[in-house]
Amino acid sequence: MKRVALLGATGSIGRQAIEIVEAHPALELCAASSGSAPLDAVAAPFKQVGGDLTELLERAEPDVVLNAVVGFAGVHATLWTLERGVDLALANKESLVAAGELALAALRRGGGRILPVDSEHSALFQCLEGRAPEQVDTLVLTGSGGPFRGWSRAELEHVTPEQALAHPTWSMGPKITVDSATLANKGLEVIEAHFLFGIPYDRIEVVVQPTSIVHSLVRFRDGAALAHLGYPDMRVPISYALTYPERAATPLPPLDLASLTLAFSTPDAETFAMLALAREAGERGGTAPCVFNAANEIAVAAFLEGRLPFLGIPEVVGEALAANDGAPARDVDDLLDADRAARETAAKALVVA
Ligand code: NAD
Ligand code: MG
């Protein structure tokens, strides 16, 4: 039996994870948490609404932690899991982006593993398995382009939260859905890939693949490229991470190749400024990725509440990055300080944007 602690059990990933755990006889839910939603419908010996997630993990003694919390709020759970060498099934990309080097240091000390749940990183993880780093040329992250693919700046000026929340291929929580519309999600994923696979930013590309069938690719030095294909359904990467290396069965139909369209195009990085801002933050390093993430969280919340226009999101994040001195976080307290300062700068920038 593998004991699974599920953080963010009431969310989009959380609910799909419960389905996977219930369908698999070797998986057992030992703990479940939510930010505020009730957990009455979730069967687990340890449950917690709000509060300190690391206390829940201490009590539950999991074999694997599925971190499906949204945002920086998942950072303590990620660090706890890595420090103890417990397997981390990581959906909460924001924690790895923000904690970066601190998370990798905790991973080295703990000696555990990160099993990516983000579909692109699960794909890359599988394409890279068993290959020496020197064989790898580039990582290619795919993205659908979001609901506003092909739109001009002028057309984006007045988009509403409702329009941004209508994602063409994936059904997800509101924050990541807005991130997909701005391409901030792909930006976070570039940084996530850098930390997960140790590949420099200039060898991580992004390509648009509107039907979300190709989940990512790795180009190798001999000219070969390995891709991972599948229907856009998060139960597949969730199941892979929870049952790794077994690759358990899921209820998905086989891929109907003859019915697929697989066109690729270059993302419009000029109109969707968040992608370039994320790269800039990643390349600067230190606390810049943490600042990018914190300011984005503030800006997305304001956009969803109707307090910030869609095109204000990159403005707010750009201001927060400009105010950051780029100093690295020596410890978690430094990281929390950088996150807090970036949120304050972003909140002030909201008024102007
Ligand atoms: P969601 O909004 O549907 O669910 C978030 C969960 O986190 C909920 O259970 C909520 O109660 C909990 N939560 C929120 N704030 C919290 C806090 N402060 N403390 C503790 N718990 C809190 O989000 P989601 O779409 O399931 O996404 C979760 C994570 O997975 C995000 O990091 C997202 O980027 C990542 N992810 C999601 C998808 C997807 O298809 N939904 C795909 C790839 C990656
Ligand atoms: Mg993804």
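This text goes with the structure placed above it.
Anyway, here's the lowdown on the structure attached to this text. (Residues numbered from 1 in each chain as written. Chains lettered and ligands numbered in written order. Predicted model: local features only at pLDDT ≥ 70, side-chain atom pairs only at ≥ 80, totals over all residues. Heavy atoms only, no water.)

Digging into the overall build of the protein
From N to C terminus, the protein includes 14 helices and ten strands. Against the compact-globule benchmark of 20 Å for 353 residues, the protein has a radius of gyration of 19 Å, which places it among compact chains. Across the 353 residues in the protein, those meeting the buried criterion constitute 56%. At a minimum sequence separation of 6, the contacts of the protein that also span at least 24 residues come to 68%. If you sum the accessible surface of the protein, you get close to 14,900 Å²; carbon and sulfur atoms cover 54% of it. (Helix = DSSP H or I, 4+ residues; strand = E, 2+ residues; numbered from the N terminus. Rg over C-alpha atoms; globule rule 2.2 N^0.38 Å. Buried < 20%, exposed > 50% of the residue type's maximum accessible area, 1.4 Å probe, protein only. Contact = heavy atoms within 4.5 Å. Areas by Shrake-Rupley, 256 points an atom, 1.4 Å probe, with all protein chains shown as cover.)

Brief notes about the coordination of the magnesium ion (ligand 2)
Coordination of the magnesium ion (ligand 2) by the protein involves Asp118 (OD), Glu120 (OE) and Glu189 (OE), with metal-donor separations of 2.1 to 2.2 Å. Between consecutive donor residues of the magnesium ion (ligand 2), the sequence gaps follow D-x1-E-x68-E. Taken together, the residues span a long stretch of sequence, with Asp118 in the loop between β6 (114-116) and α5 (119-128) and Glu189 in helix α9 (residues 184-197) at a distance of 71 residues. Since its relative accessible area comes to 7%, Asp118 is described here as buried. Under the relative-accessibility criterion, Glu189 is labelled buried at 1%. (Donors = N, O, S within 2.8 Å, 3.2 Å for Na, K, Ca; no water.)

Some points on the environment of Asp337
Topologically, Asp337 is positioned in helix α14 (residues 332-352). Taking the C-alpha atoms as reference points, Asp337 and Ile13, separated by 324 residues in sequence, lie 29 Å from one another.

So, the site of ligand 1
Near ligand 1, the surroundings consist of 22 residues, among which Thr10, Ser12, Gly35, Glu94 and Gly173 are the closest. Within the backbone of Gly11, a nitrogen or oxygen atom sits 3.2 Å from an oxygen atom of ligand 1. Between ligand 1 and the protein, one listed contact pairs an oxygen atom with a backbone N or O atom of Ala91 at 3.4 Å. Elements that contribute at least two residues to the shell around ligand 1 include exactly α1 (12-23), α4 (93-110) and α8 (174-182). Residues that form the shell around ligand 1 fall into these classes: eleven nonpolar, eight polar and three charged. (Near = heavy atom within 4 Å. Polar contact = N/O pair within 3.5 Å; in protein donor to acceptor, adjacent residues only side chain to side chain. Nonpolar A, V, L, I, M, F, W, Y, C, P; charged D, E, K, R; others polar.)

Quick notes on α5
Counting buried residues in α5 gives ten out of ten residues, a clear majority hidden from the surface. Of all the positions in α5, only Ser119, Glu120, His121, Ser122, Ala123, Leu124, Phe125, Gln126, Cys127 and Leu128 are classed as buried. Contacts made by the buried residues of α5 are with β6, β7 (136-143), α9, β9 (214-220), β10 (225-229) and α10 (235-243).

Observations concerning the pattern of salt bridges
Enumeration over the complete set of coordinates arrives at 19 salt bridges. Here Glu28 and Arg3 are joined by a salt bridge, their closest N and O atoms 3.9 Å apart. Of this pair, Glu28 sits in strand β2 (residues 27-34) while Arg3 sits in strand β1 (residues 2-7), and the two are 25 residues apart along the sequence. Accessibility expressed as a relative area gives 30% for Glu28, which makes it partly exposed. As a salt-bridge pair, Glu94 and Lys175 come within 2.9 Å of each other at their nearest N and O atoms. In this pair, Glu94 sits in helix α4 while Lys175 sits in helix α8, placing the two residues 81 residues apart along the sequence. With relative accessibility at 6%, the residue Glu94 sits in the buried group. (Salt bridge = Lys/Arg side-chain N within 4 Å of Asp/Glu carboxyl O.)

Observations concerning the packing of α4 against α9
Put simply, α4 and α9 touch, their axes get as near as 9 Å, and they point 30° apart. Between α4 and α9, the interaxial angle falls into the category roughly parallel. In this structure, α4 meets α9 at a crossing whose hand is left-handed. For the pair α4 and α9, the contacting residues are Lys93, Leu96, Val97, Gly100, Glu101 and Leu104 in the first and Asn185, Leu188, Glu189, Ile191, Glu192, Phe195 and Leu196 in the second. When the residues that make up the contact of α4 with α9 are grouped by side-chain class, the tally is seven nonpolar, two polar and four charged. (Axes fitted to C-alpha atoms, helices over the stretch in contact; angles between N-to-C directions. Parallel < 35°, antiparallel > 145°, perpendicular 65-115°, else oblique. Left-handed = near helix turned anticlockwise from the far one by under 90°.)

Considerations on the packing of aromatic side chains
Applying the stated criterion to the full structure yields six aromatic pairs. Their ring planes at 70° and their centres at 5.6 Å tell us that Tyr240 and Tyr244 sit as a pair that is edge-to-face. Considered together, Tyr240 and Tyr244 belong to a single accessibility category, that of buried residues. Ring centres of Phe303 and Phe310 lie 5.6 Å apart, and the angle between their planes is 65°; this geometry places the pair in the edge-to-face category. With relative accessibility at 3%, the residue Phe310 sits in the buried group. By the ring-pair criterion, three or more aromatic residues cluster together here, those being Phe148, Trp151, Phe303 and Phe310. (Phe/Tyr/Trp six-rings, centres within 6.5 Å; stacked < 30°, edge-to-face > 60°.)

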